[in-house]
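# Topology and contacts: notes
Residue-level listing of the chains:
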2 protein chains.
Amino acid sequence: MTAPKRITGVLSPVVTPFKSDLSPDRARYVRHCKWLLANGCSGLAVFGTNSEANSLSVEERMVLLETLVQEGVPVEKLMPGTGCCSLTDSVRLTAHAVALGCSGVLMLPPFYYKGVSDEGLYRNFAEVIERVGDARLQLYLYHIPPVSQVPITLALIERLLKQFPGTVAGVKDSSGDWSNTKAMLDAFAKSGFDVFAGSEVFLLDNMRGGGKGCITATGNINPGAIDKVFQNWRGPNADALQKDITAARNVMQKYPMMAALKAVIAHYARDPEWATLRPPLVELTSAQSKSLMAELEARGFDMPGLAAAGATAIA
Amino acid sequence: MTAPKRITGVLSPVVTPFKSDLSPDRARYVRHCKWLLANGCSGLAVFGTNSEANSLSVEERMVLLETLVQEGVPVEKLMPGTGCCSLTDSVRLTAHAVALGCSGVLMLPPFYYKGVSDEGLYRNFAEVIERVGDARLQLYLYHIPPVSQVPITLALIERLLKQFPGTVAGVKDSSGDWSNTKAMLDAFAKSGFDVFAGSEVFLLDNMRGGGKGCITATGNINPGAIDKVFQNWRGPNADALQKDITAARNVMQKYPMMAALKAVIAHYARDPEWATLRPPLVELTSAQSKSLMAELEARGFDMPGLAAAGATAIA
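To keep things clear, this report deals only with the structure shown in the data block. Bear in mind that the values here come from a model prediction, so they are computed numbers and not experimental data.

Before going further, it helps to examine the relation of the copies chain B and chain A. At an RMSD of 0.0 Å, chain B and chain A line up after a rotation of 180° and a shift of 0.0 Å along the axis. Taken together, the rotation and translation relating the two chain copies correspond to the operation of a two-fold axis. No C-alpha of chain B approaches the rotation axis more nearly than that of Tyr112(B), which lies at 4.0 Å. Looking at the interface residues of chain B, 100% of them are also at the interface in chain A, so both copies use one shared face.

Another aspect to go through is the environment of Leu141(A). All names here are of chain A. For Leu 141, the location among the structural elements is in strand β4 (residues 139–143). Along the primary structure Leu 141 and Val 105 are separated by 36 residues, whereas in three dimensions their C-alpha atoms are 8.4 Å apart. Leaving out residues up to four positions away in the same chain, Leu 141 has contacts with Leu 106, Met 107, Phe 125, Ile 152, Ile 157, Leu 160, Val 168, Gly 170, Val 171, Lys 172 and Phe 193.

Residues and elements named next belong to chain A. Neither face of strand β6 (residues 194–197) is exposed, since Asp 194 and Phe 196 on one face and Val 195 and Ala 197 on the opposite face are all buried. As defined by bridge partners, strand β5 (residues 168–173) adjoins β6 across four bridges and the pair is classed as parallel. When the sheet's bridge partners are listed, Asp 173 is paired in β6 with Ala 197. One crossover worth recording links β5 to the parallel β6 by way of helix α7 (residues 178–188), and it is right-handed. Bridge analysis of β6 against strand β7 (residues 213–215) gives two bridges, and the strand direction is parallel.

So, on to the sheet that holds β4(A). Picture the strands of a sheet paired through backbone hydrogen bonds; they go either parallel or antiparallel. Residues and elements named next belong to chain A. Strand order in this open sheet of seven strands is β2-β1-β7-β6-β5-β4-β3, and the pairing throughout is parallel. Every other strand in the sheet has two partners, leaving β2 (43–44) and β3 (105–107) as the edge strands with one partner each. Sitting on the sheet, α7 touches β4, β5 and β6, and the angle it makes with β5 is about 165°.

A separate point is the interface of chain B and chain A. Across the boundary between the two partners, chain B contributes 45 residues, which contact 45 residues of chain A. With both chains or domains summed, chain B and chain A bury close to 3,400 Å², and 59% of this area falls on carbon and sulfur atoms. When the area that chain B buries against chain A is broken down by residue, the three leading residues are Tyr112(B), Tyr113(B) and Pro280(B), summing to 24%. Our count for the chain B to chain A interface comes out at two salt bridges. Inspection of the region where chain B meets chain A yields 22 residue pairs in polar contact (both at pLDDT 80 or more). Residue assignment for the side of chain B that touches chain A shows that the elements contributing at least two residues are α2 (58–70), α3 (87–100), α4 (118–132) and α5 (145–148) of chain B. Counting residues per element, the side of chain B that touches chain A draws most heavily on α4(B), at seven residues. Residue classes in the side of chain B that touches chain A are distributed as 21 nonpolar, 11 polar and 13 charged.

Residues and elements named next belong to chain B. On the secondary structure map, Met 293 appears in helix α12 (residues 286–298). Taking the C-alpha atoms as reference points, Met 293 and Val 229, 64 residues apart in sequence, are found 24 Å from one another. Residue contacts for Met 293: discarding those within four places in its chain leaves Ala 263, Val 264 and His 267.

Here the focus is the nonpolar core. Judged by nonpolar contacts, the single largest core of 191 residues is most densely connected at Leu141(A), Val264(A), Leu292(A), Leu141(B), Val264(B) and Leu292(B). Ignoring anything within four residues of it in the chain, the contact list for Val264(A) reads Ile221(A), Met252(A), Leu292(A), Met293(A), Leu296(A), Phe301(A) and Met303(A).

Calculation rules
- Residues numbered from 1 in each chain as written.
- Chains lettered and ligands numbered in written order.
- Predicted model: local features only at pLDDT ≥ 70, side-chain atom pairs only at ≥ 80, totals over all residues.
- Heavy atoms only, no water.
- Least-squares fit on C-alpha atoms with pLDDT ≥ 70 in both.
- Contact = heavy atoms within 4.5 Å.
- Helix = DSSP H or I, 4+ residues; strand = E, 2+ residues; numbered from the N terminus.
- Buried < 20%, exposed > 50% of the residue type's maximum accessible area, 1.4 Å probe, protein only.
- Pairing = 2+ DSSP bridges.
- Right-handed = clockwise from strand over helix to strand, strands pointing away.
- Axes fitted to C-alpha atoms, helices over the stretch in contact; angles between N-to-C directions.
- Buried area = accessible area lost by both parts, 1.4 Å probe.
- Salt bridge = Lys/Arg side-chain N within 4 Å of Asp/Glu carboxyl O.
- Polar contact = N/O pair within 3.5 Å; in protein donor to acceptor, adjacent residues only side chain to side chain.
- Nonpolar A, V, L, I, M, F, W, Y, C, P; charged D, E, K, R; others polar.
- Core = buried A, V, L, I, M, F, W, Y, C linked by side-chain atoms within 4.5 Å.

Function cannot be inferred from these measures alone, as they are strictly geometric.
Here it is in structure tokens:
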């Protein structure tokens, strides 16, 4: 068996809806995933930072992924997060995703210990790849030092790429540092290593530098406009389109991101339960929520068709 | 049912031995736990930072804990780590530990997201306590900001202690900052909140300030000498005994701690496989190991009876 076609474009790290008892809400989840794919996302990076994935158990993630597949979300659009602190958890989730046929996996380094060596991180990723032992595996490294506090260095990428060509497929760079993304592009883009910006703020620069798209929090609410930049990045109005999505992102970044994303979805879906988060995250205050919605409305922001989508009933 | 008697004294965050295939080695684990209890430890804080607990799956931790109980390690000596990033994992591990009869649990805050609010952390601990819903639960908070990057503030302790008196039993302070430990003692020791220093370096100060002992990495190799300070902290030679264990600690702190602990056990048990760690941690280089053993031997360091203990056969 060979590796699936690689995803390019705009991926959303899909926010995970919870019921009032804090259990994952499968019906709202499927509905949101389908809305995203119908409205500009070319892929779904489920179980990312914005998905509260590390607030879920391994079993909860597996059930959610299986639910998506059962409910007809195309597996070739899925790039689940599978990197855990525990090697055995990372292997289990990665093997599960590959067995289901997911296009790739987005893998955090083990993030409990800080100041670990590249040698230790290399061994972690190498163990996962070897234990999964499946030629279909496409592994994207997840560099997000502001949260994980454990960076993926250029030297580590180089070593992994040399040892596991084809399998080590790319990176999501959520450093927030364009010079780092550029260094990754310059060093590896020509070796078939797909660089995704971790925010749409860098989407146009990333495309011009040889990147493949972005995996971005606000892909959850603004996928259409972000996809427009991806579709038209060679066009004459690319800079104007980029300016527009950067401005929208800047509004969101004034608020705690995950709470803000869920508040926006709750508002535009007319579905207040969407605002629920698992501890340790907390929802926006009502003052924050009001001010955010006012700012978005002033920009003419909308999530077309979201309120009308209706819940998917799941047995 | 009422809460078990609380542990005081020297607790070891027991290092977890791995076989060459990186699976947990139950026989070596039981043997080490029994050696610790016979050589100065009054309790075992299994599944701590030094145990590579976050490098284990939830199931692996549960099997190891059940193994200890089956092999006759007294449950009233056990204080397993049960705090995970995922609320559902923390609940599962905590309920399991309480059901087995463990004296307490040592709980990390969810540590993936950084900069989270006290409100979010309060909700996390409150949810765990309420979902476990067992009067036998004694919860010790685990403050280790250098690793978790998520601190447990005095305000959070105060709120939890007020809401869950009796259940919120104490703290392990691994901040490395004596002024923080002192502030915890001054604020809460008189309310029946048991403060454990996170290093034996602060053991005597902690006892003099109203604390209950220490939970310390080097309890894995030097429990007898550390226990002597605990047993004699009111005695005339307490400062001299403290000086001795601080000096031994200072030797260990020159090396990566978890690798160093395992190297020392491997050396004194004459059992090289003990040196194995799971990624992302790596073993000492042979030069580091040689230099560490030379320093310890120069101090007359020993782990009496360790080599003779022999492996426990486990079905």
